[in-house]
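# Per-entry structural report
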Amino acid sequence: MPKLWNRTIAEHRREVRDAILDRTAALVAKHGLKAVTMSQIAEQSGIGRATLYKYFADVELILVAWHDRHVSEHLKQLAAVRDGPGNAWTRLEAVLETYALIAHEQHSTELAALLHRGERIVRAQQQLRDIIKNLLTEGARAGEVRGDTAPLELASYCLHALTAAGSLPTKAAVRRLVRVTLAGLRSRP
């Protein structure tokens with residue numbers, strides 16, 4: 001563990017928490033959700049069980065925290081792409097491709113069934129929908145995105161279509177799916 005005299009207590013706690021989250025995710029990936037114990041997590045994290053219980057009451061709460069961190073990182077990544085250079089269409093294309101590639105990397109498992117529920121996921125989905133909807137609105141104003149359908153409806157279309165990226169075999173297939181999705185958004189002269 002890091003030396004406390006070299007770091008603030010808050011940094012130390014964040015490092016311990018991150019170690020717990022990372023080690024738990026690795027253990028679940030290796031052994032399965034039901035096989036992981038708090039004792040294993042404490043040992044792999046390099047802390048005592050009593051310390052682990054100061055941070056989390058059980059394995060499920062650790063996994064929820066890990067997932068929340070993961071979702072937050074993805075939303076930050078998508079927001080950075082949204083705020084990047086280019087016109088609305090270029091940024092929309094980049095956001096949709098980034099989202100589709102993220103979806104492609106995710107694997108549907110019992111872990112996903114455990115974690116993809118609840119109010120926190122609804123909030124994250126709303127943030128994602130807003131990122132896309134706002135780009136669609138901007139694109140429609142610029143004449144790049146079709147104006148005959150509400151941006152919120154188009155955002156839902158994009159998200160549902162790109163969910164299929166999770167089942168595609170290659171990144172090339174994911175990029176083709178993004179192109180097909182974008183074709184449905186393009187403004188018609």
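Residues numbered from 1 in each chain as written. Predicted model: local features only at pLDDT ≥ 70, side-chain atom pairs only at ≥ 80, totals over all residues. Heavy atoms only, no water.

Along its length, the protein carries 9 helices and 0 strands. The secondary structure elements of the protein, listed N-terminal to C-terminal, are α-α-α-α-α-α-α-α-α. Its C-alpha atoms give the protein principal-axis dimensions of roughly 65 × 35 × 30 Å. Buried positions account for 38% of the 189 residues belonging to the protein. (Helix = DSSP H or I, 4+ residues; strand = E, 2+ residues; numbered from the N terminus. Buried < 20%, exposed > 50% of the residue type's maximum accessible area, 1.4 Å probe, protein only.)

Core analysis: the biggest nonpolar cluster contains 30 residues, and Leu92, Leu96, Ile132, Leu136 and Leu185 have the highest contact counts within it. If you list the elements that add at least two residues to this core, you get α4 (59–82), α5 (88–105), α7 (119–141), α8 (151–163) and α9 (171–183). With 9 residues, α5 is the single largest residue contributor to this core. Ala25, Ile41, Ile62 and Leu63 belong to the second-largest nonpolar core, a separate cluster that totals 21 residues. (Core = buried A, V, L, I, M, F, W, Y, C linked by side-chain atoms within 4.5 Å.)

Turning to α5, a few remarks are in order. Taking 1.5 Å as the rise per residue, α5 with 18 residues should run 26 Å; its terminal C-alpha atoms sit 26 Å apart, in good agreement. For α5, a buried count of 13 out of 18 residues is recorded, marking the element as mostly surrounded by other parts of the structure. The residue sitting at the N-terminus of α5 and contributing the capping side-chain oxygen is Asn87; that oxygen lies 3.2 Å from the backbone nitrogen of Trp89. (Expected span 1.5 Å × (residues − 1). Polar contact = N/O pair within 3.5 Å; in protein donor to acceptor, adjacent residues only side chain to side chain.)

A separate point is the packing of helix α1 (residues 9–31) against α4. Helix-helix packing: each pair is described by the crossing angle between the helix axes and the interaxial distance. Packing of α1 against α4 leaves a shortest axis separation of 9 Å and a crossing angle of 105°. Classified by the interaxial angle, the pair formed by α1 and α4 is roughly perpendicular. Facing Arg17, Asp18, Ile20, Leu21, Asp22, Thr24, Ala25 and Val28 of α1, the residues of α4 in contact are Val59, Ile62, Leu63, Ala65, Trp66 and Arg69. For the contact of α1 with α4, the class distribution of residues is 9 nonpolar, 1 polar and 4 charged. (Axes fitted to C-alpha atoms, helices over the stretch in contact; angles between N-to-C directions. Parallel < 35°, antiparallel > 145°, perpendicular 65-115°, else oblique. Contact = heavy atoms within 4.5 Å. Nonpolar A, V, L, I, M, F, W, Y, C, P; charged D, E, K, R; others polar.)

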